[in-house]
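So you can see what is in the structure, the chains are spelled out below.
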Amino acid sequence: MAVAKKQDVSPPPTGYEEDGFLWHQEQVALLRAKRFDELDLENVIVEMEDMGNEKRNALMASYRVLLMHLLKWEFQPEKRLMSWFNTIYRERDNIEDRLDESPSLSGKREEFLDRTYTRAAKKAARETQLPLSTFPLRLPYTLEELDDPDFFPGPAKPDPRD
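These numbers were taken from a predicted model, which means no experiment stands behind them.

Undergrad: Tell me about the nonpolar core, and please be specific about residues and values.
TA: Of all hydrophobic cores here, the largest spans 28 residues; its most connected members are Tyr63 and Leu146. Counting residues per element, the ones that place at least two in this core are helix H2 (41-75), helix H3 (82-101), helix H4 (109-128) and helix H5 (143-147). The leading source of residues in this core is H2, at nine residues. Excluding residues within four positions of it along the chain, tyrosine 63 makes contact with Ile95, Leu99, Arg109, Leu113, Thr116, Leu143, Leu146 and Asp147.

Next up, the structure:
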């Protein structure tokens, strides 16, 4: 009488589109087990590209929020709020953190700022209800100013509590 061998009865892998989180966990487990031939390589590559894009997009989003609030600060000084002040500081911190995590993005900041500024100006116009023509056509701040925690457009460092 022959004894039946215990077969590997692991469930079939989850499809990329079926459950992204579970698929991700399975791919990580395969990588850790060095079972490279079982990877869903095409979608692993897509995910890796998406991760890089997410880091870039997060940096651009922080710049967009920073620029919008600097524009509002500069062009609507009579309505300055403590929340604008805090948002400017928060986004500068976020930018610094993102650049620390991915230093290679630093060399692309000017390109990102060119793409981001127009959207920031449009959003500032909507939020302030000022005409878009109120704001400069091109980015009015340097990278050094954007990085400087003490830079606020205007004659002096503002205190929104005044």
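Undergrad: Explain H4 residue by residue, including any values.
TA: Between its first and last C-alpha, H4 extends 26 Å over 20 residues, near the 28 Å set by a 1.5 Å rise per residue. All buried positions along H4 are accounted for by Arg109, Phe112, Leu113, Thr116, Tyr117, Ala120, Ala121, Ala124, Ala125 and Thr128. Next to the buried residues of H4 lie H2, H3 and H5. Two residues or fewer past H4, glutamine 129 is found with a positive phi of approximately 60°.

Rules used throughout
Residues numbered from 1 in each chain as written. Predicted model: local features only at pLDDT ≥ 70, side-chain atom pairs only at ≥ 80, totals over all residues. Heavy atoms only, no water. Core = buried A, V, L, I, M, F, W, Y, C linked by side-chain atoms within 4.5 Å. Buried < 20%, exposed > 50% of the residue type's maximum accessible area, 1.4 Å probe, protein only. Helix = DSSP H or I, 4+ residues; strand = E, 2+ residues; numbered from the N terminus. Contact = heavy atoms within 4.5 Å. Expected span 1.5 Å × (residues − 1).

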